[in-house]
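What the coordinates show
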Amino acid sequence: MPYTGTPSLDTFGVRRTIDAPGGATSLFSLPHLEEKGVASLARLLFSIRILLENLLRFEDGTTVTAEDIEALANWDPSGSAEREIAYRPARVLLQDFTGVPAIVDLAAMRDAMARLGGDPNRINPLLPAELVIDHSVQVDSFGSAASFLINAENELERNRERYAFLRWGQKAFDDFRVVPPDTGIVHQINLEFLARVVFRADDGTGPIAYPDTLVGTDSHTTMINGLGVLGWGVGGIEAEAALLGQPISLLIPQVVGFRLHGTLTEGTTATDLVLRVTEMLRERGVVGKFVEFYGPGLDSLSLADRATLGNMSPEFGATCAIFPIDGETLEYLRFTGRSDDEVGLVEAYMRAQGLFHTANSPEAEFSDRLELDLGTVEPSLAGPRLPQQRIRLAEAKQSFARALETMLEVPGGRGAETAIETWEGEGGENPAVAVAQETRPRVAVVLEGIEEEDETAEFDLHHGSVVIAAITSCTNTSNPSVMVGAGLLAKKAVERGLHRRPWVKTSLAPGSMVVTEYLNEAGLTPYLEALGFYLVGYGCTTCIGNSGPLPGPISEAIHAHELVVCSVLSGNRNFDGRINPDTRANYLASPPLVVAYALAGRMDIDLHNEPIGQDADGADVFLRDIWPKQEEIRSTMRAAVKTEMFTEQYANVFEGDERWKAMDVPEGDRFEWQPDSTYVREPPFFIGMSREPSAPKDILGARVLALLGDSVTTDHISPAGSIPKDSPAGHYLMEHGVQKRDFNSFGSRRGNHEVMMRGTFGNIRLRNQLVPGVEGGYTRHLPGGRQMSIYDAAMKYSEGGVPLIVIAGTEYGTGSSRDWAAKGPRLLGVQAVIARSYERIHRSNLIGMGVIPLEFIDGASAESLGLDGTETYDIVGIGGDPAPGATMRVTATRADGSELGFDVVSRIDTAVEVDYYRHGGILHMVLRELLDA
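Here's what I pulled together on the structure shown here.

How each quantity is defined
- Within each chain, residue numbers correspond to sequence positions counted from 1 in written order.
- For a predicted model such as this one, the threshold for reporting local features is a pLDDT of at least 70, and the threshold for listing and counting side-chain atom pairs is 80 or more; totals across whole chains, interfaces and linings nevertheless cover every residue.
- As a rule here, side-chain values cover all heavy atoms of the structure and leave hydrogens and water aside.
- Under the scheme used here, helices are H or I runs from DSSP no shorter than 4 residues and strands are E runs no shorter than 2 residues, and both carry numbers assigned from the N terminus.
- The globule rule is 2.2 Å times the number of residues to the power 0.38, and the radius of gyration it is compared with is taken over C-alpha atoms.
- Each residue is assigned to one of three classes by its accessible area relative to the maximum for its type, calculated with a 1.4 Å probe on protein chains only: buried under 20%, partly exposed between the two thresholds, exposed over 50%.
- Residues count as neighbours in contact if any of their non-hydrogen atoms are within 4.5 Å of one another.
- Per-residue and other accessible areas were derived by the Shrake-Rupley procedure at a 1.4 Å probe size, with only the shown protein chains allowed to occlude residues.
- For the purpose of charge, His is not counted, nor are the chain termini; Lys and Arg are scored as positive and Asp and Glu as negative.
- A single reference atom marks each charge: NZ on Lys, CZ on Arg, CG on Asp, CD on Glu.
- We call two strands paired when DSSP finds no fewer than two bridges between them.
- All axes are obtained by fitting lines to C-alpha atoms, using only the stretch in contact for helices, and the reported angles, taken between N-to-C directions, cover 0 to 180 degrees.
- In what follows, salt bridge is the name for a side-chain nitrogen of Lys or Arg lying within 4 Å of a carboxyl oxygen of Asp or Glu.
- Side-chain atoms alone can form a polar contact between residues adjacent in sequence; in general such a contact is a pair of N or O atoms within 3.5 Å, and within protein one must be able to donate a hydrogen while the other accepts it.

Topic: the overall build of the protein
- Within the protein one finds 34 helices and 34 strands.
- Taking 30 Å as the expected radius of gyration for a compact globule of 933 residues, we find that the protein reaches 27 Å, a close match to that expectation.
- Residues counted as buried form 62% of the 933 residues belonging to the protein.
- For the protein, restricting intrachain contacts to residue pairs at least 6 apart in sequence, the fraction spanning at least 24 positions comes to 76%.
- As displayed, the protein offers around 31,900 Å² of accessible surface, 47% of which is attributable to carbon and sulfur atoms.
- One way to put it: in the protein the 82 positive side-chain charges average out to a point 2 Å from where the 129 negative ones average out.

Digging into the sheet that holds strand E6 (residues 176–179)
- Spatial strand order, E6-E5-E4-E9-E10: five strands in an open sheet with parallel pairing. With partners counted over all chains shown, the strands left at the sheet margins are E6 and strand E10 (230–233), one partner each. Taking each pair of neighbouring strands and ignoring which way they run, the sheet shows an average axis angle of 20 degrees.
- Note: strand E4 (residues 91–95) against strand E5 (residues 129–132), four bridges, orientation parallel. By the bridge assignment, Val92 is partnered in E5 with Ala129.

Here we look at the pattern of salt bridges
- Within the structure shown, the criterion is met by 57 salt bridges.
- One salt bridge connects Arg573 with Glu315, and the closest N-O pair in it is separated by 2.2 Å. Linking Arg573 in the loop between strand E22 (565–569) and strand E23 (583–588) with Glu315 in helix H10 (residues 313–316), this pair joins segments that are 258 residues apart in sequence.
- By relative accessible area, which is 0% here, Arg573 ends up buried.
- By relative accessible area, which is 2% here, Glu315 ends up buried.
- Taken together, the salt bridges that share partners define one network made up of Arg91, Glu130, Arg177, Arg196 and Asp212.

A short note on the environment of Asp96
- Relative to the helices and strands, Asp96 resides in helix H4 (residues 96–115).
- Assessed through its relative accessible area of 0%, Asp96 is described here as buried.
- On a C-alpha basis, the gap between Asp96 and Glu648 in space is 24 Å, while along the polypeptide they are 552 residues apart.
- Beyond its immediate chain neighbours, meaning those up to four positions away, Asp96 contacts Pro101, Leu131, Val132, Ile133, Asp134, His135, Ser136, Arg162 and Leu166.
- Only 2.8 Å separates the side chain of Asp96 from the backbone nitrogen of His135, close enough to count as a polar contact.

Examining the sheet that holds strand E26 (residues 699–707)
- Taken in spatial order, the seven strands close into a barrel running E26-E29-E30-E31-E34-E33-E32, and their pairing is mixed. Averaged over all pairs of adjacent strands, the angle between their axes in this sheet comes to 40 degrees, without regard to strand direction.
- The sheet contact formed by strand E31 (residues 852–856) and strand E34 (residues 899–906) spans three bridges and is antiparallel. What sits directly across from Leu854, in E34, is Ser906.
- Packed on one face of the sheet, helix H29 (residues 790–799) meets E26 and strand E29 (804–807) and runs near 170 degrees to E26.

Here it is, written out as structure tokens:
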């Protein structure tokens, strides 16, 4: 494998050779750096040491200096994150929703390079890049043995043009590989197959070994942290720059230690642990920080359990959540089919670097610490809107009633968050329960042709009915313990004569084909299918809004009677409007609990004390009666999960099936854009681009496009899920001859900027305070005040040459790392965002698209300043080259001519980010650098 770096200056003389399986290899020795008095390894954390090796290997005197190395080697755990370093990952991981626009941008950059007189082939990945197609399968068919084939066929038919484009990219770009659809989820394939843990390459002076590190275009890239691989999610924009050889600008992080001890008790799962950890870390505040797990509790956690924890890093806000490499890591690598030489290299390298963890490893210094006794973890869910809203299973019924109170907008009702967090249930029945009972309609529904038989079901729906029960996404389907647990619970339920409720849309979307293999081997598949959990696809489904439509009569009843119905899913995201447009309350749960709620069919049930159903004799069956014991799960796993399953399934993983191979694929090094395409269009970002950047200017006379509150997610900003017919994006598609049945999803059309900009800020649950009491993508066009879609208003402002801003509260841009959450606003004319705080990736993405993120200071907010969004805004201090973190002055002028001035701080945090902004975006800067190189 070629090495993409240049030989290091090695100022400290630490390059050494070690014996390793496969032959002697060099490394940049951390122990030798310690011998020279530069570092004290015992106090440096695992993640900091990985970063330190990266700097040693890439020392060039410019982007990485000896002073940078010394600064990191003397990392101060109590210090603030202020010093910037240049980090270069070993590879880039993509999924198709974010990967398609990334390859679209690279193709457009080749065209721009040609227009500017350069060599288009200079636009080429310089790092290994792998893309897994996993986000495009939709659950159209369910409850049938044919569901997988139907959904796979629909997926290929809908996405043929996108897939052909990716096949073109695979041929046109070097070192870019694509895992075809219907194979698995990107993170599980990364964990089970793609991860190297340690690379071996030739840097021009001989073989060299170095840690496998990566960035990925999916927030949950952090799942690989469970394998001891340092990686995190970035926006597609930043990933593209990394592919083109640009270092990632990183502030030396603070690292929070999370000590685990004890063991999980009977009846609890890794999912329950994850939800408790998410709650604790979100409460502590770890945004922008690294988290490292340590302590004696690690010994009781399987690699899959660790990966489940790493996966949820975005939910608690950390950059990464990493585990050390130890014996469990090596055992997992062997078990999943890595060769003896590969495993041997990992062990030899990590031991030589002092990075191999044992029970005797000294405890390093942390910036902050938390601790959890695993024995205190309880069965839990999270919802109804956020992953950190953990609910003890014993309190789920009351919690839903409290949430329902607010969703129904009961007069005098408290806010949902306050009600959920503060009510303790002491002194009698929660009044919200009584309110819910009084306002709960029961709607009769007749459903024909359910499951595989021509049956008719008659039932009532009400507030709290569970209409979706989905075993989905990478958080849990990578973990055999919870998947086997779900299968065993299904077996016990079927043997007791229980059935799923007919109004529940059930689905099983494993993270890899290996899951199907071991469920079949264990004999559990028939029992899952008996409860409706048929295989619907291998990919990210319900968790990203690809849940597919509910049966017509059910959907119609929900909307006609404004029912608050629920989904229960084994995923990691449950934001407003994300899962399905029909479900207003969405809960994260373990796969066994997903099966349990499919049996119960309702959220307003106490699964501790109320029966989940009745057996054939009419006797009550409780959840505790069918919940599998841990030893039963372990023994089933030992018998059913085998190494050859991994080696066989991944032997030809990049080849694809006959349908994949038979596609017509465009030829040539430059892509031929089709003007009538509704999937892949040349983006406008580089059209008309000059060789030299223009100086940034102050923003004068701006209008507010949206005035938003706290925790506005990228789901609210970036188009996701289904495309409504009566929306700007829907109108565009119909004008271009696309029928509603062929709309597909926003995610599948991320390669078409015309669709995406029309769906920006179009989430059905968006609450823009410029249009109080209205949900959805609407605003008022000022000064007239006419209500219209955000897209239409933006186009009217554009016609008048009016710059736009967005004002928001805390945690703006939290959630998935969607580059379109920055690209879309940029195309709508948004030049700045003023928020109380930002999610890490989204802040970076805004700068990467030439939008300046500004932050209120001294606890100020739009509300405290009396801003209502009808003002015009001048932002002064941008002109020229503002320093990182510069203070700027904002003047808001009201309709009566009065003015309000206040200061904001620029969240362009580093000198490199200043360059990105000055060029109008990170890709513009890279393109100009390659042009002049």
